[in-house]
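Below, each chain spelled out in residue letters.
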Amino acid sequence: MARIAKPWFYKQTGWWMAYVGGQKTKLAEGKSNRRAAQSRLDELRDLAEANPDPDSGEHTVASIIERYMGIVFPTLGVETRKARFGYLQDFAEAHGDRRVADCRKDHLQEWLLKHKSWKSDWTKRSALRAVQGVFCWAADADLIPKNPFRKIRQAAGSPRRDMTFDEFRAILRTTAGYYKKRPTPGARFRQILFFLWLTGCRPAEAAKLRWDEVDLDGGVIVLRHHKTIKTQRKPKPRIVPLVPVVVSLLRHIKRTSRGDRVFSTHRGTPWNRYNLGLRVRRARVKGGVSDDVKLYGVRHAFGTRGIVNGLDIKTLSHLMGHETTQMTEHYLHLAGRRDYLAAAMQTVSGRRPGA
């Protein structure tokens, strides 16, 4: 006889947890809220029992999401699954027992409005697309006659800007070096910051980088698994050339490295979007840097420096790992860089700037 799941308290997050449908699920926050956690777990069990058979044709929101999780989720990347899982779980908790035939657009819109903590338009858009994607798939798979949430729009957020050199330097100043000949937590973060600034790599690429992808003698990184490989007609690795200072940095790291990852935290665990984001938030506060400075802004700064220094768009596209130059042009948002455009106009007209 299968064991019945029971709530358990996870000290690291401060939440009561339980395994529901094979997934670790948050129930209630706070050690004193065990009863609330048990009540929430009972609700989820009742919801699961109320779900119709997958082949019955009478689907609920929860049964469609569950079907999607079982078929589509395993084909997605790890980061994509992490990004979508929370949104889908939350929507299933809010509307899981509702029949798909009874769903209306305002149900999804109301769900978005109730999450006051989702202040960013990018976050709201991600949540909206995560839910819409499930029901688009279900309609294409003939599980439901149509997507009840189609044609709902959410404006994109403001484009992420590049990090200025002064901001980069201010964040670097918050990262200490060594203590008793051992790298501090700040020093580990400092290493990955320098690497991103000098290579233009995506933060996720740096966090996942392994030593077997690095050729220090050849001064190059070969990424066989990268963001755009699934959209390429002829899949090919992403090549990242390394300048001498980066090679020296990596050689230094390798002398003390123990695992297969190039960059790791002071605990020896891999970097990810969450602990990197936490580091940046702390550095912003400590360094007195604006809240709109993001780690991805280092990559934007790399691309902008390339254009301002005269690098052609095609070469820059290869360096940044873009599939097309159209992506590079959009990425750099040069329309607002009047200083660069003014200098470019002087060059085209055959006059030296200031002449």
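Residues numbered from 1 in each chain as written. Predicted model: local features only at pLDDT ≥ 70, side-chain atom pairs only at ≥ 80, totals over all residues. Heavy atoms only, no water.

A. Highlighting the pattern of salt bridges. A complete count under the given rule lists 11 salt bridges for this structure. One salt bridge in this structure joins Glu 205 and Arg 202, with 2.6 Å as the shortest N-O distance. Here Glu 205 matches Arg 202 in class, with each residue buried. The salt bridge involving Arg 251 is made with Asp 217; its shortest N-O contact spans 3.4 Å. Residue Arg 251 is found in helix α9 (residues 244-256), and its partner Asp 217 is found in the loop between β6 (214-215) and β7 (220-223); the two are separated by 34 residues along the sequence. (Salt bridge = Lys/Arg side-chain N within 4 Å of Asp/Glu carboxyl O. Buried < 20%, exposed > 50% of the residue type's maximum accessible area, 1.4 Å probe, protein only. Helix = DSSP H or I, 4+ residues; strand = E, 2+ residues; numbered from the N terminus.)

B. Structural view of the sheet that holds strand β1 (residues 8-10). Ordered in space as β1-β2-β3, the 3 strands form an open sheet in which the pairing is antiparallel. Single-partner strands in this sheet number two, and they are β1 and β3 (23-29). The average angle at which neighbouring strand axes cross in this sheet is 45°, direction not considered. With 6 bridges connecting them, strand β2 (residues 15-20) and β3 associate as antiparallel partners. Looking at the pairing, Ala 18 lines up with Thr 25 of β3. (Pairing = 2+ DSSP bridges. Axes fitted to C-alpha atoms, helices over the stretch in contact; angles between N-to-C directions.)

C. Spatial organisation of the confidence of the model for the protein chain. Taken as a whole, the protein chain shows an average pLDDT of 83; of its residues, 82% reach a score of 70 or greater. Mean pLDDT per element in the protein chain: strand β4 (residues 178-179) is the minimum at 50, and β6 is the maximum at 94. (pLDDT = per-residue confidence, 0-100.)

D. Molecular detail of a positive patch on the surface. Together, Lys 105, Lys 146, Arg 150, Lys 151 and Arg 153 make up a positively charged patch on the protein surface. In this structure, Arg 150 sits in the loop between α5 (121-140) and α6 (165-173). (Patch = residues over 30% accessible without salt bridge, like charges linked within 9 Å, V, L, I, M, F, W, Y side chains within 5 Å. Areas by Shrake-Rupley, 256 points an atom, 1.4 Å probe, with all protein chains shown as cover. Lys, Arg positive; Asp, Glu negative; His and termini not counted. Charge placed at Lys NZ, Arg CZ, Asp CG, Glu CD.)

E. Structural detail: the packing of helix α2 (residues 61-71) against α5. For the pair α2 and α5, interaxial distance at closest approach is 10 Å and the crossing angle is 85°. It follows from the interaxial angle that α2 and α5 lie roughly perpendicular. Contact with α2, carried on its side by Val 61, Ile 64, Ile 65, Arg 67, Tyr 68 and Ile 71, involves Gly 133, Val 134, Phe 135, Trp 137 and Ala 138 of α5 and no other residues of that element. Among the residues forming the contact of α2 with α5, the class breakdown is 9 nonpolar, 1 polar and 1 charged. (Parallel < 35°, antiparallel > 145°, perpendicular 65-115°, else oblique. Contact = heavy atoms within 4.5 Å. Nonpolar A, V, L, I, M, F, W, Y, C, P; charged D, E, K, R; others polar.)

F. Region of the structure containing a nonpolar patch on the surface. On the surface, Leu 198, Val 243 and Val 245 cluster together into a nonpolar patch covering about 220 Å² of accessible area. Its location among the elements puts Leu 198 in helix α7 (residues 185-199). The class for Leu 198 is partly exposed, based on a relative accessible area of 31%.

G. Fine view of the side chain of Arg 284. Position of Arg 284 among the secondary structure elements: in helix α10 (residues 273-287). No salt bridge is formed by the buried Arg 284; its nearest oppositely charged neighbour, Asp 291, is found at 4.1 Å. If near-sequence neighbours (up to four positions away) are discounted, Arg 284 is found in contact with Val 289, Ser 290, Asp 291, Val 293 and Lys 294.

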